[in-house]
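Report on the structure
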Amino acid sequence: MATHLLRRVLGSRSSQILSATNPNPNSALTVARAYSVDTTPIRATLFPGDGIGPEIAESVKKVFTEADVHIDWEEHYVGTEVDPRTQSFLTWESLESVRRNKIGLKGPMATPIGKGHRSLNLTLRKELNLYANVRPCYSLPGYKTRYDNVDLVTIRENTEGEYSGLEHQVVRGVVESLKIITRQASLRVAEYAFHYAKAHGRERVSAIHKANIMQKTDGLFLKVFLFLMIKYRLLDCKSMLPCINFGLVYLQCCREVAEKYPEIKYEEVVIDNCCMMLVKNPALFDVLVMPNLYGDIISDLCAGLIGGLGLTPSCNIGEGGIALAEAVHGSAPDIAGKNMANPTALLLSAVTMLRHLELHDKADRIQDAILKTIAEGKYRTADLGGSSTTTDFTKAICDHL
Amino acid sequence: MKLADGLFLESCQEVTTKYPSIKYNEIIGDNCCMKLVSKPEQFDVMVTPNLYGNLVANTAAGIAGGTGVLPGGNVGAEHAVFEQGDSAGNVGKDKIMEQKKANPVALLFSSALMLRHLQFPSFADRLESAVKSVILEGKSRTKDLGGDSTTQEVVDAAIANLD
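Residues numbered from 1 in each chain as written. Chains lettered and ligands numbered in written order. Predicted model: local features only at pLDDT ≥ 70, side-chain atom pairs only at ≥ 80, totals over all residues. Heavy atoms only, no water.

1. A short note on the overall build of chain B
Across its full length, chain B holds seven helices and two strands. Going from N to C terminus, chain B has its helices and strands arranged as α-α-α-β-β-α-α-α-α. Overall, chain B is about 50 × 35 × 30 Å in size when its C-alpha atoms are taken along their principal axes. Out of the 163 residues in chain B, the part that is buried amounts to 29%. In chain B, the share of contacts with a sequence separation of at least 24, taken over all contacts with a separation of at least 6, comes to 49%. For chain B, the distance from the average position of its 15 positive side-chain charges to the average position of its 20 negative side-chain charges is 5 Å. (Helix = DSSP H or I, 4+ residues; strand = E, 2+ residues; numbered from the N terminus. Buried < 20%, exposed > 50% of the residue type's maximum accessible area, 1.4 Å probe, protein only. Contact = heavy atoms within 4.5 Å. Lys, Arg positive; Asp, Glu negative; His and termini not counted. Charge placed at Lys NZ, Arg CZ, Asp CG, Glu CD.)

Okay, structure coming up:
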C-alpha cells in the first residue's frame, strides 16, 4: 500500500523529482522500482463504453490477466439519465472513481443526442482537468500503409486555444471566435512534453505553431518553450532539443541559445511546413507539441499515417497525475456484439496506461505480443483485411506473450 | 467552432443549391487530413476557410509531390495572381539560388493556370503536356525530384518537348 502510494506520488511529481532540486533523483526512482514488483493490485477505472466497447474491454482484461498485470478494474457505465451533479450522463461516482484511482481506461462512447447536458468528452476533460492528449504513433510492422517509418508522439494541449468555446455574432453574417492562449496552460503542456520525452528516451521536442502570423498567441506558446529549453539545459539534459520557430521577437534568443549547443541541430517548424514534412517524411519528427487546434488536426493526420483511428492509442493527462487512456475510434454500432471488433486501439492505449504507471516491462511484453500478432498476419480482424474474430485475435496475442 | 465554421458551412450550402449537378459534402478538418493521407483519391475540389486551407493545401501538396511541382493561384474580384501552390520550405534557399537548381515546374504549371484563366486553353494544354513529359521521362529533374539538373536544363527540356 505504501509502495503503491509512493509510486503514485512519484508518478505525478516525477517532473519535479527529475529536476535539480532533488539531490538523489536516481535513488528515489530505484526505491520505487524495487517495490514495483506487482504484489498489490492497482485500482483502475474502466469505462467499457458503447457499441463494441464492452467486447474490446474484455480483450484488454484477458490480455492483462494472461500477462500477470494485477489490476482491479472498477467498471463504470454511462447512465441513462443526466446526473445533475455533473450535468451529463456520466455520474459523479464515475468521475470520483477516476479521481481516486488516478488511472483509467475508456472505450468508445456514443454521443447522446439532445440538449441540457454536456458532451461526455467535455465532461471528462473539464471535471478531471485533462490538459494533454498524448498519442504515440508508430508504424505497425506487417500492416502496410504508405508510410513505414513513423515513430513519433503527438502531445496536444487540450483545454484552450481555438476551442475555448468563445464565439459571438457581431452582426448578421459576421462571426468572431476568440483564441485564448495562456502562459499557465502552455507551461503545463510543455513541462509534460519534456518530462515525457525524458521518461521515454526521446531525443527531440518540436513545437508546432504559426507564430509568424499569430504573433501574440502562438508567440506566447513558444516563449514558454524557450523558458523550458533554458531550464532543462541547466539540468544538463543535452538530449532535449526543441525545434522552434519564433515570432520575430524571439528568433534572436532562440538562435543565441542554439549556438551554445553546436552538436544539436537547429530547425524552425511552422504548421504548414509540419504538414508537408509529415506527409513527405514522417521520420523527421520525434515528439511534437501543439496548441489545441493544430494538435487536433495533426494528431488525426498522424493516426492516418499509421492506419487510422482503429489502431491508434491515446492517453489524456490530467492535473495531479491522472491518466485516462482511451480508444479514439467510434463505437461502431453496426458490428457491435458480433465478435468482429478490433481491440488493438484499446489494447495499445492500455499499454500507454502501463507506461504511465512505469510498468515498462509489462508494457513492452504486451506491446510486442500485439505487434507480433499483427505482423504475422494469421489472425487479423476484418478492418485489417482479415477474418478473425475478436476472441481469436485476443487469444493469439495471449499466446504470443 | 459552431458559429464561425457554422457560418462558413451555411454559405457553402446556399451556393450548392445553385449547382444541383455538382455533388457536395462536408467534412471535419481533422477527419479530412486523416483521409487525405490514407486515401487522397476520394477528394475532388476542396473549399476551406483560411487556416484549414493552409494545412490541407500543404498536406495535399506533400502527398502529391511537394511544393516544387504544384501550381496555385490567387483569385480576386478584379485581379488574379498566379504563383506556386505553397511556399512551405521552398523560399529563400540561398544555396539553391546560387547553383541555379531551383525547380521551375511549379511556376510553369502556374503559368498554365494563368493561360486558362485568360481563356487560352490550347496554349495551356501544350505547356502542361510538355512539362509533364519532361517529368515523366525522368532525365531532367531537379534535386527535390531526385535528380541533379539545373533550372535551365529543365526549361530547355520542356521547350524541346513543346509541339
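2. Things to note about the overall build of chain A
Tallying secondary structure elements over chain A gives 13 helices and 12 strands in all. Taking all 401 residues of chain A together, 55% fall into the buried category. Intrachain contacts of chain A at a sequence separation of at least 6 include 73% that bridge at least 24 residues. Element-wise, carbon and sulfur atoms account for 53% of the exposed surface of chain A, whose accessible area totals about 17,100 Å². (Areas by Shrake-Rupley, 256 points an atom, 1.4 Å probe, with all protein chains shown as cover.)

3. Examining the side chain of S331 of chain A
All names here are of chain A. Mapped onto the elements, S331 comes out in the loop between β12 (322-327) and α11 (344-356). Judged by its relative accessible area of 13%, S331 falls in the buried class. For S331, the contacting residues outside a window of four places in its chain are D50, G51, I52, P108 and A110.

4. Considerations on the interface of chain A and chain B
Taken together, the contacts link 30 residues of chain A with 28 residues of chain B. The largest share of the area that chain A buries against chain B comes from E167, M276 and I297 of chain A, three residues that together contribute 24% of it. For the pair chain A and chain B, the interface holds one salt bridge. Here chain A and chain B share five residue pairs in polar contact (both at pLDDT 80 or more) between them. Contributing elements (two or more residues each) for the side of chain A that touches chain B: β6 (167-171), β7 (174-177), α9 (271-280) and α10 (292-306) of chain A. Top element by residues in the side of chain A that touches chain B is α10 of chain A. It accounts for nine residues. Considered class by class, the residues forming the side of chain A that touches chain B number 15 nonpolar, seven polar and eight charged. (Buried area = accessible area lost by both parts, 1.4 Å probe. Salt bridge = Lys/Arg side-chain N within 4 Å of Asp/Glu carboxyl O. Polar contact = N/O pair within 3.5 Å; in protein donor to acceptor, adjacent residues only side chain to side chain. Nonpolar A, V, L, I, M, F, W, Y, C, P; charged D, E, K, R; others polar.)

5. Topic: a nonpolar patch on the surface
Nonpolar side chains collect at one region of the surface, where M114, L118, F120 and F123 of chain B lie side by side and expose about 380 Å² of accessible area between them. Mapped onto the fold, F123 of chain B is located in helix α6 (residues 121-137). (Patch = residues over 30% accessible without salt bridge, like charges linked within 9 Å, V, L, I, M, F, W, Y side chains within 5 Å.)

6. Topic: the pairing of strand β2 (residues 80-84) of chain B
All names here are of chain B. For strand β1 (residues 71-75) and β2, the ladder comprises five bridges, and the chain directions are antiparallel. Looking across to β2, one finds that P71 is bridged to Q84. Counted along the chain from β1 to the antiparallel partner β2, the turn is four residues long. (Pairing = 2+ DSSP bridges.)

7. Let's talk about the environment of P41 of chain A
Residue and element names in this part refer to chain A. Here P41 shows up in the loop between α2 (25-34) and β1 (42-47). Separated by 32 residues in sequence, P41 and W73 place their C-alpha atoms 9.6 Å apart. Apart from the residues lying within four places of it in its own chain, the contact partners of P41 are H70 and D72.

8. Concerning the packing of helix α12 (residues 360-376) of chain A against helix α13 (residues 390-400) of chain A
All names here are of chain A. Contact pair α12 / α13: the axes reach a minimum separation of 8 Å and the direction vectors enclose 120°. Considering their axes alone, α12 and α13 lie oblique with respect to each other. Judged by the twist between their axes, the crossing of α12 over α13 is right-handed. Listed contacts from α13 to A369, I370, K372, T373, I374 and E376 of α12 are F393, A396, I397 and H400. For the contact of α12 with α13, a count of residues per class yields six nonpolar, two polar and two charged. (Axes fitted to C-alpha atoms, helices over the stretch in contact; angles between N-to-C directions. Parallel < 35°, antiparallel > 145°, perpendicular 65-115°, else oblique. Left-handed = near helix turned anticlockwise from the far one by under 90°.)

9. Section: the environment of L115 of chain B
All names here are of chain B. Mapped onto the elements of the fold, L115 is located in helix α5 (residues 105-117). Separated by 18 residues in the primary sequence, L115 and S133 have C-alpha atoms spaced 19 Å apart. Not counting residues within four places of it along the chain, the set of residues in contact with L115 comprises F120, F123, A124 and L127.

10. Some points on the side chain of R380 of chain A
Residue and element names in this part refer to chain A. Along the chain, R380 falls in the loop between α12 and α13. Buried within the structure, R380 lacks any salt-bridge partner; its nearest side chain of opposite charge belongs to E376, at an N-O separation of 9.2 Å. When neighbours within four sequence positions are excluded, R380 is seen to be in contact with G142, Y143, I374, A375, G386, S387, S388 and F393.

11. Some remarks on helix α3 (residues 50-64) of chain B
For α3 of chain B, built from 15 residues, the straight-helix expectation of 21 Å at 1.5 Å per residue is met to within 8% by its first-to-last C-alpha distance of 21 Å. Where α3 of chain B is concerned, the buried positions are Y52, G53, N54, L55, V56, N58, T59, A61 and G62 of chain B. Along its buried surface, α3 of chain B packs onto α9 and α10 of chain A together with α1 (4-16) and α2 (29-38) of chain B. Of the residues flanking the end of α3 of chain B, it is G65 of chain B, one or two places downstream, whose phi is positive at about 145°. (Expected span 1.5 Å × (residues − 1).)

12. Digging into the packing of aromatic side chains
In the structure shown here, the tally under the stated rule is three aromatic pairs over all chains. Lying over the aromatic face of W92 of chain A, R99 of chain A brings its terminal NZ or CZ to 4.9 Å of the ring centre. (Phe/Tyr/Trp six-rings, centres within 6.5 Å; stacked < 30°, edge-to-face > 60°. Lys NZ or Arg CZ within 6 Å of the ring centre and 35° of its normal.)

13. Observations regarding the confidence of the model for chain B
Per-chain confidence: chain B averages 89 in pLDDT, with 96% of residues scoring 70 or above. Taken together, the chains of this predicted complex give a pTM of 0.81 and an interface ipTM of 0.85. (pLDDT = per-residue confidence, 0-100.)

14. Considerations on the packing of α9 of chain A against α3 of chain B
With their axes 8 Å apart at the nearest point, α9 of chain A and α3 of chain B run at an angle of 30° to one another. Comparing the axis directions of α9 of chain A and α3 of chain B gives the class roughly parallel. The hand of the α9 of chain A/α3 of chain B crossing is right-handed. Seen from α9 of chain A, the contacting residues are I271, D272, C275, M276, V279 and K280 of chain A; seen from α3 of chain B, they are N54, L55, N58, T59, A61, G62 and I63 of chain B.

15. Describing the pattern of salt bridges
All names here are of chain A. Under the defined criterion, the tally for this structure stands at 23 salt bridges over all chains. As a salt-bridge pair, K61 and E58 come within 3.4 Å of each other at their nearest N and O atoms. In this pair, K61 and E58 are both assigned in helix α3 (residues 53-66), three residues apart and thus about one turn of the helix distant. Judged by relative accessible area, E58 falls into the partly exposed class, the value being 40%. The structure contains a network of salt bridges with shared partners spanning R43, D72, E74 and R100.

16. Here we look at α12 of chain A
Residues and elements named next belong to chain A. Given a rise of 1.5 Å per residue, 17 residues ought to cover 24 Å, and the 24 Å separating the end C-alpha atoms of α12 matches this to within 8%. Regarding α12, the residues found buried are A363, I366, Q367, A369, I370, L371, T373 and I374. Close packing links the buried residues of α12 with α3, β4 (130-138), α11 and α13. At the exit of α12 stands G377, carrying a positive phi of roughly 85°.

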